[in-house]
Amino acid sequence: MTAEIPFVRPAWHCMTTQADVLGESPFWHPQEKCLYWVDIPGRRLRRMKVSSDLSQSHAVEDWPLQEEPGCFAPASKGGWVMALRSGIYRAREWGGALELLAAAPYDTSKLRFNDGKCDPAGNFWSGTMYEPRDQAAGVLYALQANHALQSKADQATVANGLAWSPNGKTMYWSDTGAHCIRAWDFDVTSQQMTHERVFAQFPAKPKDWIYGSDVAQSYAGRPDGAAVDAEGFYYAAMYEGHRLAKIAPDGRCVAYIETPVQCPTMPCFGGEDLRTLFITTSAHGRSTAELQALPQSGCVFAMRVDTPGLLVSFFNN
């Protein structure tokens, strides 16, 4: 008999008053004490100075863009590296000029960059999503020192959940549409990925899923963005599941953590002690009934946790 997975209902703080259409790719900048994230359809990067009192109001700065950002990461020499629909870019200052590092190696009318971050050595990775969503055409790319994009994995419809274990020896990557999280043994120096396996597999979305129904309440969601804590537990945002899944290094789901909205998109750890868990969320494509019931859909939320997370990895040039 399978043990029932505990369902934890913590107290979350809503951190923003202006909702994102689809918030994603949050990271904590330890020197600036800022939370950064993207609003993909809103075509903007966002940042917010966060105090230790999560209940305070927090002002948000926006950086409007001409195209959709999938993800971005801080750079060790200042500024950021970012994956936009048309390629990988470098920016030196907030709102400043964008320098193209690598053009998108795909048909931009059907694909775009999505989830990504830097590996422990500071190499920038980003996966793609196939917008028609009728085939697994998404690819995971790693930006090389010569700015070439190297394909590292494929067979995903919506690339998500990129993360590394605390020692950097395990890499995780999910395909949201397939409800599957994969794992590999990872060599930080060579970027070599070996021993591919299924880390976690979740049941498919029921065909008769409707917000508020009994069917919807029984659906755990599908794995979106993710973060890893200092003990190696993988936290997956379960899109449409109203929860995060906390998964042990051996692949066991040890807890579900209720979220304030139906569609969490990605967690990250931050705060002075890395014991504040932030989540971005989505209002994109939600029904009128859902938005009326959950009007904070698309906002950023935070709560305190016992185990700290890992520091963000900075881009290495």
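Owing to the predicted nature of the structure, the values given are computational and were not obtained by experimental measurement.

Asks: Lay out the sheet that holds strand 3 (residues 23-29) with the relevant residues and their values.
Replies: What the four strands build is an open sheet, ordered 3-4-5-6; its pairing is antiparallel. The open sheet has two free edges, formed respectively by strand 3 and strand 6 (60-64), since each of these has just one partner strand. Averaged over all pairs of adjacent strands, the angle between their axes in this sheet comes to 20°, without regard to strand direction. Sheet analysis places strand 3 next to strand 4 (residues 34-39), joined by five bridges and oriented antiparallel. Looking at the pairing, His 29 lines up with Cys 34 of strand 4.

Asks: Can you break down the sheet that holds strand 17 (residues 180-186) residue by residue, with the values?
Replies: Two orientations exist for strands paired in a sheet by backbone hydrogen bonds: parallel and antiparallel. The strand order across the open sheet built from four strands is 15-16-17-18, with neighbouring strands paired in antiparallel fashion. Edge positions in the sheet fall to strand 15 (159-164) and strand 18 (193-201), since each has one partner strand and no second. Direction aside, neighbouring strands of the sheet carry axes that sit 20° apart on average. Where strand 16 (residues 170-175) lies against strand 17, six bridges are found, and the strand directions are antiparallel. Looking at the pairing, Met 171 lines up with Trp 184 of strand 17.

Asks: Explain the nonpolar core to me, and be specific about the residues and the numbers.
Replies: Grouped together as the largest cluster of nonpolar side chains are 19 residues, with contacts concentrated most on Val 81, Ile 88, Phe 113, Phe 124, Leu 143 and Phe 315. At the level of elements, strand 7 (69-74), strand 8 (80-84), strand 10 (98-103), strand 11 (111-118), strand 12 (124-130) and strand 13 (138-143) are the ones that each hand at least two residues to this core.

Asks: Break down the pairing of strand 13 for me, citing the residues and quoting the values.
Replies: Extensive coverage of strand 13 is indicated by the burial of six of its six residues. The alternating pattern of strand 13 places Gly 138, Leu 140 and Ala 142 on one face and Val 139, Tyr 141 and Leu 143 on the opposite face, and all of these are buried. Relative to strand 13, strand 12 runs antiparallel, the two sharing three bridges. Opposite Ser 126, over in strand 13, you have Tyr 141 as the bridge partner. Sheet topology places strand 13 next to strand 14 (residues 149-156); five bridges connect them, and they run antiparallel. Bridge pairing links Leu 140 to Ala 153 in strand 14. Following strand 13, the chain reverses through five residues before pairing antiparallel with strand 14; His 147 in that reversal takes a positive phi of roughly 70°.

Asks: Describe the pattern of salt bridges, with residues and values.
Replies: A side chain with one charge may pair with a side chain of the opposite charge, provided their charged atoms come close. Under the defined criterion, the tally for this structure stands at 22 salt bridges. Between Glu 61 and Arg 47 there is a salt bridge whose closest N-O contact spans 3.1 Å. Remark: Arg 47 occurs in strand 5 (residues 44-49) and Glu 61 occurs in strand 6; sequence separation between them is 14 residues. For Glu 61, a relative accessible area of 39% puts it in the partly exposed group. Overall, Arg 47 belongs to the buried group, its relative accessible area being 15%. Taken together, the salt bridges that share partners define one network made up of Asp 20, Asp 39, Arg 44, Arg 46 and Asp 62.

Reading guide: rules and limits
- Residues numbered from 1 in each chain as written.
- Predicted model: local features only at pLDDT ≥ 70, side-chain atom pairs only at ≥ 80, totals over all residues.
- Heavy atoms only, no water.
- Pairing = 2+ DSSP bridges.
- Helix = DSSP H or I, 4+ residues; strand = E, 2+ residues; numbered from the N terminus.
- Axes fitted to C-alpha atoms, helices over the stretch in contact; angles between N-to-C directions.
- Core = buried A, V, L, I, M, F, W, Y, C linked by side-chain atoms within 4.5 Å.
- Buried < 20%, exposed > 50% of the residue type's maximum accessible area, 1.4 Å probe, protein only.
- Salt bridge = Lys/Arg side-chain N within 4 Å of Asp/Glu carboxyl O.

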